[in-house]
Every structure is written in C-alpha cells, then in structure tokens.
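A closer look at the structure
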Amino acid sequence: LKNNKIKELQYKILFRYIGTNKLLYKINKIDSPRCTFCALYTESIEHLFYECFIVKNFWLQVCELWNRHIERKIHLTCNEVIIGYCPQDINDDIIFTINLVILYGKKYIYNCKYYEKFMHVITFVEYVKECLNIEIYKMVVTRLVSRALY
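Residues numbered from 1 in each chain as written. Predicted model: local features only at pLDDT ≥ 70, side-chain atom pairs only at ≥ 80, totals over all residues. Heavy atoms only, no water.

1. Notes on the pattern of salt bridges
- Here the structure, examined in full by the defined rule, presents 4 salt bridges.
- Of the charged contacts, one joins Glu43 and Lys113 as a salt bridge, the two residues approaching to 2.8 Å between their closest N and O atoms. Of this pair, Glu43 sits in the loop between helix H2 (21-26) and helix H3 (45-51) while Lys113 sits in helix H6 (residues 92-114); the two residues are 70 residues apart in sequence, bridging distant segments of the chain. Neither residue differs from the other here; Glu43 and Lys113 are each classed as buried.
- Residue Lys129 pairs with Glu126 through a salt bridge whose shortest N-O separation is 3.8 Å. Of the two residues, Lys129 and Glu126 are both situated in helix H7 (residues 121-149); the distance of 3 residues between them amounts to about one turn of the helix.
- In this structure Glu126 comes out as partly exposed when scored by relative accessible area, which is 44%. (Salt bridge = Lys/Arg side-chain N within 4 Å of Asp/Glu carboxyl O. Helix = DSSP H or I, 4+ residues; strand = E, 2+ residues; numbered from the N terminus. Buried < 20%, exposed > 50% of the residue type's maximum accessible area, 1.4 Å probe, protein only.)

2. Some details on the state of the cysteines
- One pass over the structure, following the stated rule, counts 0 disulfides.
- No disulfide involves Cys38; its sulfur sits 3.8 Å from that of Cys35, the nearest cysteine.
- According to the relative accessible area criterion, Cys38 is buried, its value standing at 11%.
- Left unpaired, Cys86 is separated from the closest cysteine sulfur, that of Cys63, by 16 Å. (Disulfide = S-S within 2.5 Å.)

3. Some points on the nonpolar core
- Counting residues in hydrophobic clusters, the biggest one holds 41 residues, and the most contacted among them are Phe37, Phe49, Trp59 and Ile109.
- Within the residue set of this core, elements represented by two or more residues are helix H1 (4-14), H3, helix H4 (53-69), helix H5 (78-82), H6 and H7.
- Among all residues touching Phe37, those that are not within four sequence positions of it are Leu48, Cys52, Ile54, Val55, Ile109, Cys112, Lys113, Lys117 and Met119. (Core = buried A, V, L, I, M, F, W, Y, C linked by side-chain atoms within 4.5 Å. Contact = heavy atoms within 4.5 Å.)

Structural data, given as structure tokens:
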C-alpha cells in the first residue's frame, strides 16, 4: 500500500489519536461530541467507524457487494474494521484484499465526515477505483522515470 494518507489514518486509529467529535469536544474545538452522521451518540473511534447505524449500514452494503462477487463470504465485526481482518482459514491474497477494502472504507468514512458528505456504497466503489487508478498511474510513472534514468 503506497497511499500515505490511508496509512496515517490507520496509525491514528490504532493509537487513538484521530479527530473524532469526542476528542474535538474535549479540547473545545466543537460544541458537541455527537456523531457527525447520526447525531445521537458520542462519536468515539468505534462509533465513527463501525457502531453508528449509518456506518454499520454502509459496511453491510460493502459486505453484500463483496459476497455477491467473491466466493469467500465476509461479515465484518467492529474489531475487524478497527484493527484488521485476519482469519486463519483463507489465503493471504484474500486477506490482503479484504483489509485493503476496509482501509479504503475507513478513509472514505472519514472523508465523508470531514466534508459532511452522505455515505453510499456506489460512491465508495468509485472512490476506490479512483484511488487505485492513481496508485497504478504512480507505479507506471515511477517505472518510466527509472527506465529513463538508466
């Protein structure tokens, strides 16, 4: 994974230093600790990325889409979304791909929070395609530059 913004987001999640409304309220940056999406509960890391009913619905749609197209069926738990997906009974390529989808999902959720956008699985798929196209483009350009230099 070459996307540093996604790595940075996961690092902040794991070390519990991400701009949730709970944290922003605690340091007097905003007026309420309530969730950006549902406005019902305090926006903790777990709530923002999994427990909020709007976010949970998003993950259910992602899993449904995955399960429709991939033989290995998944159902994500809070820990799998926050920490990572790592069952013992499947191959590393599938685990890597599922975790990549989860990482892009968390970045998408955070972007929706930050830009106050509505979450939808179709726009998420477009977001992932765009991100992957940028990564592929960067790899191609890097190869072309390295060939030109040698």
